[in-house]
Amino acid sequence: QVVAGVVDGLLSRTEGGWRYMLGLAAVPSVGMLVGFACFLPESPRWLASKGRVVEARMVLHDYRDLVQEAEDELADIMKALDDASSYGRRSDVDADHTNISIEMSGGG
């Protein structure tokens with residue numbers, strides 16, 4: 001933020017500097033978009049919920065030190081998905097357009 005403040009201060013004295021400030025503000029966002037789109041794997045839980053268990057296993061194996069840790073986590077994910085479906089609830093990854101499920105309960 002300090003760097004952004006200094007750059008903004010320098011650009012404030014430039015003719016049309018606000019345009020450069022606005023353009024430079026987009027640079028980190030573009031970097032994040034590229035990083036997320038190219039390098040971030042799908043969530044193993046989301047993959048498993050869509051029936052793509054082999055892919056979920058591959059992602060877990062890539063990010064766990066031991067094969068047994070990955071297999072244990074996959075078993076936990078499958079159990080959680082099975083429990084959610086047996087209770088008739090939608091899990092947080094079953095929504096078509098979002099990964100967020102908001103549960104509201106009344107209390108008194």
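In case you missed it, the structure is sitting above this.
Here goes a summary of the coordinates provided. (Residues numbered from 1 in each chain as written. Predicted model: local features only at pLDDT ≥ 70, side-chain atom pairs only at ≥ 80, totals over all residues. Heavy atoms only, no water.)

## Observations regarding the overall build of the chain
How we decide: Strands here are runs of E lasting at least two residues and helices are runs of H or I lasting at least four, both read from the DSSP assignment and numbered beginning at the N terminus. Buried means the residue's accessible area, taken with a 1.4 Å probe over protein chains only, is under 20% of the maximum for its type, while exposed means over 50%, and partly exposed covers the values in between. Reported accessibility uses the Shrake-Rupley method at a 1.4 Å probe radius. Residues are deemed covered only where the shown protein chains occlude them.
Scanning the chain from terminus to terminus reveals five helices and zero strands. Going from the N terminus to the C terminus, the chain shows its helices and strands as α-α-α-α-α. Out of the 108 residues belonging to the chain, those deemed buried represent 16%. Split by element, the accessible area of the chain, about 8,700 Å² in all, is 59% carbon and sulfur.

## Quick word on a negative patch on the surface
Short version of the rule: The patches described consist of residues with a relative accessible area above 30% and no salt bridge, like charges being joined within 9 Å and nonpolar side chains (Val, Leu, Ile, Met, Phe, Trp, Tyr) within 5 Å. By definition, a salt bridge exists where a carboxyl oxygen of Asp or Glu is found within 4 Å of a side-chain nitrogen of Lys or Arg. Asp and Glu are treated as the negative residues and Lys and Arg as the positive ones, with His and the ends of the chain left uncounted. By convention, the charge on Lys lies at NZ, on Arg at CZ, on Asp at CG and on Glu at CD.
A surface patch of negative charge is lined by D65, E69, D72 and D76. Mapping E69 onto the fold places it in helix α5 (residues 67–86). Exposure remark for E69: the relative accessible area of 37% places this residue in the partly exposed category.

## Looking at the nonpolar core
To be explicit about the condition: Here, nonpolar core refers to any group of buried Ala, Val, Leu, Ile, Met, Phe, Trp, Tyr and Cys residues whose side-chain atoms link them within 4.5 Å. In this analysis, two residues are considered to be in contact whenever any of their non-hydrogen atoms come within 4.5 Å of each other.
Judged by nonpolar contacts, L47, A48, A56, V59, L60, A70, L74, I77 and L81 together constitute the single largest core of nine residues. No other element matches α5, which puts four residues into this core. Filtering out sequence-adjacent residues up to four positions away, V59 remains in contact with P41, E42, P44 and L47.

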